[in-house]
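Examining the three-dimensional arrangement
Below, each chain spelled out in residue letters.
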Amino acid sequence: MKKVITYGTFDLLHYGHLRLLERAKELGDYLIVGVTSDDFDKQRGKINVKQPLMERLQNVKETGLADEIIIEEYEGQKIDDIIKYGVDVFVLGSDWVGKFDYLKEYCEVIYLPRTEGVSSTELRNNDRKLKLGLVGEDIYLKKIYNESFYVNGIKVTAICSNEFDESDDTFKDIEIKTNDFDKLLDNVDALYLISNPKNHYDQIKKALLKHKSVLCESPITLDEKECKELFLLANKNKCVLMESIKTAYSTAYLRLLLLLKSGVIGNIVSVESTCTSLKDYMYFQKKDLNVEFNSICAWGPTAMLPIFQILGTNYKSLSIKSLFIDKEKKFDAFSKIDFLFDNAVGSVKVAKGIKSEGELIVSGTKGYLIVPSPWWITDYFEVRYENQNNNKRYFYQLEGEGFRHELVEFVKRVKQQYKNTNISEEVSLNIAKVMHEFYSDNVSEIQNSYKN
Ligand code: CTP
């Protein structure tokens, strides 16, 4: 019996897929189809796949062409499969010509001409594209704009910023470049906001009243009540209001949350997270101590995320200690926030202008979990025990910048495919609550003369 094998994502199964499977089948007596797992696709940068694995498997099954369906889960699996299933012919479309010639050592390799004029990418793009507006500081928006090209189903149509770098042509294809927020709102379906957090409340409210969804760089507001009001308004107007913290979309971070829930380190007693940087501070110092990017705003939300997601938001008390570099106590070069829970403690260290080890450590009754620096762009962590032989390492490749993953989720939510979110409203409200504490002067001052 001549066995043939082929692989693919088979998202939104189309005529091109069918033609390929039919021709592959004709090359032998038995056809094995490998369908990529969701994780494997993410790892290799296919972040826009619409249908989950089970639906894609079902669609391939319903073609009636596959004698056997397997799941492709890791790089290099093709060699394993060919040996394991005794495969005679490996088949793929002509978009892969040459890429799998190394398999000729194990079986015959055939590339079939790809069917013209149809692809999953095209089908995903067929829906009306969401018109996205970007609002904020020019230097950040460029990065965001470049990331947006990796996301199917959106198009950046307008940009609102107080200053544009005229010497740079990154935004040359954008029709509307303005400093008028209302003009931007009238020309988009949704917006991404990375403006001064002091302005978030007014800007988000305006947007939601015009039924525009908002992805807002954290913190959403500097006050819990305002944040709550905005979530209620979003709900009422059937819009999405989503907090942007890239870490929440990294596979490694999501997996470590699940692992901790399963009890690998026993009862959790402490979560400590540190996020610090120096260079942005220098930049914004030139801009007269712009409060927007002090330590608590720039790093606080990211650092608090694991505290609230691991220990919950029901803390009994909190205390904030800060080192300020200005008399008005607006720019904290360093802040330490301590949370007391019934059965645990959480501790956050954030700094713009003071440097420390940027790690995340979760301590439990059986062992501890450590994410090495910089933990917030994490693809790796370890679970360690008293007996080192039991230690385990975990690695999850994160392709590209976290932002594109976040944008994919935002678009899915706006298009109302599902209500899932990686950062709950509860967590966002509590981030805003801590911000409020800070700006209400409930802070103990660390007396130290700051020398940069
Ligand atoms: N294929 C084909 N003709 C097409 C599209 C796909 O012959 N028009 C083949 C591919 O070459 C591959 C298999 O079908 O061997 C599975 O392809 P897959 O990557 O799942 O589909 P695409 O439509 O190419 O997906 P995407 O646009 O996401 O890359």
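Look above for the structure.
Attention here is on the structure that accompanies the text. Computed from a prediction, not measured in an experiment: that's the story for all the values here.

A short note on the environment of N48
Take N48: it is sitting in the loop between α2 (38-43) and α3 (53-62). Spatially, the C-alpha atom of N48 lies 6.3 Å from that of N152, the residues being 104 residues apart in sequence. A distance of 3.0 Å separates a polar side-chain atom of N48 from the backbone nitrogen of N152.

Remarks on the pairing of strand β13 (residues 317-324)
Side-chain positions along a regular strand alternate between the two faces of the sheet. Here β13 runs beside strand β14 (residues 332-340); their pairing, made up of 8 bridges, is antiparallel. In the strand pairing of β14, I320 is matched with I337. Sheet analysis places β13 next to strand β20 (residues 443-445), joined by 3 bridges and oriented parallel. Among the inter-strand pairings, S322 is bridged to a residue of β20, identified as E445.

Side note on empty space enclosed by the protein
For the structure shown, the criterion picks out 3 cavities of 30 Å³ or more. Estimated volume of the second largest cavity: approximately 40 Å³. Surrounding the second largest cavity, D39, K42, Q43, T251, Y396 and Q397 form its lining. Ranked by residue count, the leading element in the lining of the second largest cavity is α2, at 3 residues. Looking at the lining of the second largest cavity, its residues break down into 1 nonpolar, 3 polar and 2 charged.

What counts, and where the lines are drawn
Residues numbered from 1 in each chain as written. Predicted model: local features only at pLDDT ≥ 70, side-chain atom pairs only at ≥ 80, totals over all residues. Heavy atoms only, no water. Helix = DSSP H or I, 4+ residues; strand = E, 2+ residues; numbered from the N terminus. Polar contact = N/O pair within 3.5 Å; in protein donor to acceptor, adjacent residues only side chain to side chain. Pairing = 2+ DSSP bridges. 1 Å grid on protein atoms, 1.4 Å probe; cavity = no way out; pocket = protein on both sides within 12 Å on 5 of 7 lines; lining within 4 Å. Points joined across faces, edges and corners; volume = space filled by probe spheres on them. Nonpolar A, V, L, I, M, F, W, Y, C, P; charged D, E, K, R; others polar.

Take it as geometry only, folks, not as evidence of what the structure does.
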